[in-house]
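Observations on the model geometry
Given next are the chains, with one letter for each unit.
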Amino acid sequence: MVIQPKIRGFICTNAHPEGCAKQVAEQIRYIQGKPKLNGPKRVLVIGASTGFGLASRIAAAFGFGADTIGVFFERPAEKDRTASAGWYNTAAFEQAARAEGLVAESINGNAFSDEIKQETIALIKEKLGQVDLVVYSLASPRRTHPKTGETYTSVIKPIGQAYENKTVNFMTGAVSTVSVPPATEDEIRQTVAVMGGEDWEFWIRDLLEAGVLAEGAKTVAYSYIGPKITYPIYREGTIGRSKNDLEATALKLDRALDDAVGGGAVVSVNKALVTQSSSAIPIVPLYISLLFKVMKDKGLHEGTIEQMYRLYADRLYAAEPAVDEAGRIRIDDWEMREDVQREVDSLWEQISVDNLNELADLEGYRNDFLRLFGFGIPGVDYEADVEPNVPLTRG
Ligand code: NAD
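The structure contained in this document is the topic of the report that follows. All values derive from a computational prediction rather than experimental measurement.

So, the overall build of the chain
- What the chain contains, in helices and strands, is twelve helices and 13 strands.
- For a compact globule of 395 residues, the expected C-alpha radius of gyration is about 21 Å, and the chain comes in at 20 Å, within 12% of that figure.
- Its C-alpha atoms give the chain principal-axis dimensions of about 60 × 50 × 45 Å.
- Per-residue burial for the chain yields a buried fraction of 56% across its 395 residues.
- When the accessible surface of the chain is summed, it comes to about 16300 Å², and 49% of that surface belongs to carbon and sulfur atoms.
- When the 43 basic and 55 acidic side-chain charges of the chain are each reduced to a single mean position, those positions are 1 Å apart.

Let's talk about the layout of surface pockets
- In this structure, the second largest pocket encloses a volume near 480 Å³.
- Lining the second largest pocket are 21 residues, and of these Q23, Q27, G303, T304 and R371 sit closest to its centre.
- Within the residue set of the lining of the second largest pocket, elements represented by two or more residues are α1 (17-32), α2 (51-64), α9 (304-316) and α12 (362-372).
- Ranked by residue count, the leading element in the lining of the second largest pocket is α1, at four residues.
- A class-by-class count of the residues in the lining of the second largest pocket yields six nonpolar, ten polar and five charged.

Focus: the sheet that holds strand β12 (residues 264-269)
- Strands sit in the order β5-β4-β3-β6-β11-β12-β13 across an open sheet of seven strands; the sheet is parallel. A strand with exactly one partner marks an edge of an open sheet, and here the two such strands are β5 (104-108) and β13 (329-330).
- Note that β12 and β13 share two bridges and pair parallel. Following the sheet pairing, S268 is matched in β13 by I329.
- Docked against the sheet, helix α4 (residues 114-127) engages β3 (42-46), β4 (67-72), β5 and β6 (131-136), running at close to 165° with respect to β5.

Some words on helix α5 (residues 185-195)
- Buried residues of α5: E187, I188, Q190, T191, A193, V194 and M195, and no others.
- Considering only its buried residues, α5 is in contact with β7 (142-144), β8 (151-153) and α7 (238-261).

As for unusual backbone geometry
- Look at I283: it is not a glycine, yet its phi comes out positive at around 75°.
- Structurally, the position occupied by I283 is in the loop between β12 and α8 (284-297).
- Overall, I283 belongs to the buried group, its relative accessible area being 0%.

A short note on the packing of aromatic side chains
- Going through the model one piece at a time under the given rule, you end up with ten aromatic pairs.
- A ring pair is formed by F64 and Y312, whose centres lie 4.8 Å apart and whose planes are at 45°; its orientation type is tilted. Of this pair, F64 sits in helix α2 while Y312 sits in helix α9, and the two are 248 residues apart along the sequence.
- With a centroid separation of 5.3 Å and 80° between ring planes, the pair formed by F64 and Y317 is classed as edge-to-face.

Quick notes on the site of the ligand
- The environment of the ligand is formed by 29 residues, the closest being S49, A111, K243, T275 and S277.
- Here the ligand loses 92% of its free accessible area of 840 Å² to cover by the protein chains.
- Looking at the shell around the ligand, the elements that each hand over two or more residues are α2 and β11 (213-223).
- Class assignment of the residues belonging to the shell around the ligand gives a composition of 13 nonpolar, 13 polar and three charged.

A word on the side chain of E94
- For E94, the position within the fold is in helix α3 (residues 85-99).
- Take E94: its relative accessible area is 3%, and that puts it in the buried class.
- Within the structure, E94 has its side chain in polar contact with the side chain of S106 (distance 2.5 Å).
- Filtering out sequence-adjacent residues up to four positions away, E94 remains in contact with A104, E105, S106, L392 and T393.

Topic: the pairing of β4
- Within β4, five of the six residues are buried, which leaves the element mostly enclosed by the surrounding structure.
- Direction of pairing for β3 relative to β4: parallel, over a ladder of five bridges. Bridge pairing links I46 to V71 in β4.
- Taken together, β3, α2 and β4 constitute a β-α-β crossover, and its handedness is right-handed.
- The pairing of β4 with β5 spans five bridges and is classified as parallel. When the bridges of β5 are listed, T68 appears paired with A104.

Details of the environment of P321
- Considering the arrangement of structural elements, one finds P321 in the loop between α9 and β13.
- When the C-alpha positions of P321 and L370 are compared, they lie 35 Å apart, and in sequence the two are 49 residues distant.

Parameters and conventions
- Residues numbered from 1 in each chain as written.
- Predicted model: local features only at pLDDT ≥ 70, side-chain atom pairs only at ≥ 80, totals over all residues.
- Heavy atoms only, no water.
- Helix = DSSP H or I, 4+ residues; strand = E, 2+ residues; numbered from the N terminus.
- Rg over C-alpha atoms; globule rule 2.2 N^0.38 Å.
- Buried < 20%, exposed > 50% of the residue type's maximum accessible area, 1.4 Å probe, protein only.
- Areas by Shrake-Rupley, 256 points an atom, 1.4 Å probe, with all protein chains shown as cover.
- Lys, Arg positive; Asp, Glu negative; His and termini not counted.
- Charge placed at Lys NZ, Arg CZ, Asp CG, Glu CD.
- 1 Å grid on protein atoms, 1.4 Å probe; cavity = no way out; pocket = protein on both sides within 12 Å on 5 of 7 lines; lining within 4 Å.
- Points joined across faces, edges and corners; volume = space filled by probe spheres on them.
- Nonpolar A, V, L, I, M, F, W, Y, C, P; charged D, E, K, R; others polar.
- Pairing = 2+ DSSP bridges.
- Contact = heavy atoms within 4.5 Å.
- Axes fitted to C-alpha atoms, helices over the stretch in contact; angles between N-to-C directions.
- Phe/Tyr/Trp six-rings, centres within 6.5 Å; stacked < 30°, edge-to-face > 60°.
- Near = heavy atom within 4 Å.
- Polar contact = N/O pair within 3.5 Å; in protein donor to acceptor, adjacent residues only side chain to side chain.
- Right-handed = clockwise from strand over helix to strand, strands pointing away.

Take a look at the structure:
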């Protein structure tokens, strides 16, 4: 099959197996070029196939030399359809990790369900015995509650009043004004139920109950804060409410883990990056393309893998892990630097369709977006016939 990108709005509906494998290999090479880390040797990553979760898994395997189990929800190839990017990413990761003699096992299914939690526990017992670190990195538009059966849908909306600001269609470069209506109380409730901390708590309680969390085990989940321009749509909107809930859950889990195994829970606030999830948020892609411009000019730019190495090396497994006043790890520190934000603000004021390419790194945004699906990667022949059917196997 010859595979070219099929873009619909802000999603790409196919993926390229060789391109995905190459971008996984690049992330592995980045970690291999860094000093080896001292830390956990058995790691569970929930949401392990793309974005921050994939980078967390790669950094754990190739930085710590950790055996890993990854949980995710991805689509295998069918007759005339490619698999999803996370499927190909995982196939490439497993092959590379196993070549190093590491355990690399995966579970493809709905992480919000009790069944997948129990399947994961059984796999931990079989392959690892226990785990020392649990990374929780799910991003999903929907969740069915495992106890009540209610299905919740998350929305990205402001709270209280409509929010209007500039946005960009990153594929066409069209800048326009978007107005997003305020969420209803029920939409807020549902978004918190999908992206808040309840499922993370269910995971940790089930893992504890099954006795598969090792002495000193830690867990980390990811949050975002961002600048004032995006507050109404992000941090003070529906998603922000769910992040507040996630952060409150961290404090609760920290106590529970400390009591049970002498471990702990923490939230890491990460940098804004192009992932399948962030591309779906209005206004944010324009902010990210201005941010990229400023951070690249200052030599401060990072992708998911650079962020995850810094999380492990300088924070989570550092001798004195620094946290903010709310107990959160901040690896958004470079994004939030005062000089960076001042420049982004000034560009935001000036941006229009005429100066977009000059002031914003739209090309960088677009490239990163295509790369998520294995496209636009040097050295891959996109005219060549490739086999879309790539198996995921037990090691
Ligand atoms: P992503 O879309 O790249 O990855 C989501 C992962 O969740 C994938 O592995 C996917 O397979 C998995 N998943 C989704 N639904 C699932 C389900 N029902 N069962 C099992 N697996 C499922 O997302 P991302 O941007 O890496 O986000 C991960 C976390 O990082 C989120 O909490 C997000 O809010 C946070 N974060 C993102 C950014 C950003 O700019 N992208 C910044 C800071 C924090």
